[in-house]
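For reference, the chains in residue letters:
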Amino acid sequence: MSTFTKIHVAISLIGILSGLVVMYGFLVGKRLRGWNALFLVMTIATSVTGFFFPFHGITPGIVVGVISLVVLALALLE
């Protein structure tokens, strides 16, 4: 596995774990701004780094990545 893939996976895992903490905060009625910021940054980084993998043409992963970035951009407006 290449170094880039390992970095991409690590970023993804940080995004998932921080998302779980944010979800817990929602469930107990606490706003965890720092965790929310980490979640958004790591999720954006996961989507962006996904575009740097070699691919040919438009793939379902590319489409999901673009949709994800649009939704994340809207989340940043809050």
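See the structure above.
An account of the accompanying structure is given in this report. Note that the structure is a prediction, hence the values are computed from the model and not measured. Counting restarts for each chain, with residues numbered from 1 along the sequence as it is written. Residue-level local features of this predicted model are given only where pLDDT is at least 70; pairs of side-chain atoms are given and counted only at 80 or more, and the full residue set underlies all totals for whole chains, interfaces and linings. As a rule here, side-chain values come from all non-hydrogen atoms in the structure, and water together with hydrogens is ignored.

### Observations concerning the overall build of the chain
And step 1. In this text, helices come from DSSP runs of H or I with a minimum length of four residues, and strands from runs of E with a minimum of two, each type numbered from the N-terminal end. Helix and strand content of the chain: three helices and zero strands.
And step 2. Secondary structure of the chain in N-to-C order comes out as α-α-α.
And step 3. In terms of its C-alpha atoms, the chain occupies a principal-axis envelope of roughly 45 × 25 × 15 Å.
And step 4. Residue burial is assigned from relative accessible area. The probe radius is 1.4 Å, only protein chains are included, and a residue is buried under 20% of its type maximum, exposed over 50%, and partly exposed in between. For the chain, buried positions account for 22% of its 78 residues.
And step 5. Only the protein chains shown count as covering a residue, and every accessible area follows the Shrake-Rupley method with a 1.4 Å probe. Of the roughly 5,700 Å² of accessible surface on the chain, a fraction of 77% belongs to carbon and sulfur atoms.

### Some thoughts on the side chain of serine 47
And step 1. With respect to the element layout, serine 47 can be found in helix H2 (residues 33-50).
And step 2. For serine 47, a relative accessible area of 13% translates into the label buried.
And step 3. The contact definition used throughout considers only heavy atoms, calling two residues in contact when any of these lie within 4.5 Å. Excluding anything up to four places from it in sequence, serine 47 contacts Gly65, Ser68, Leu69 and Leu72.

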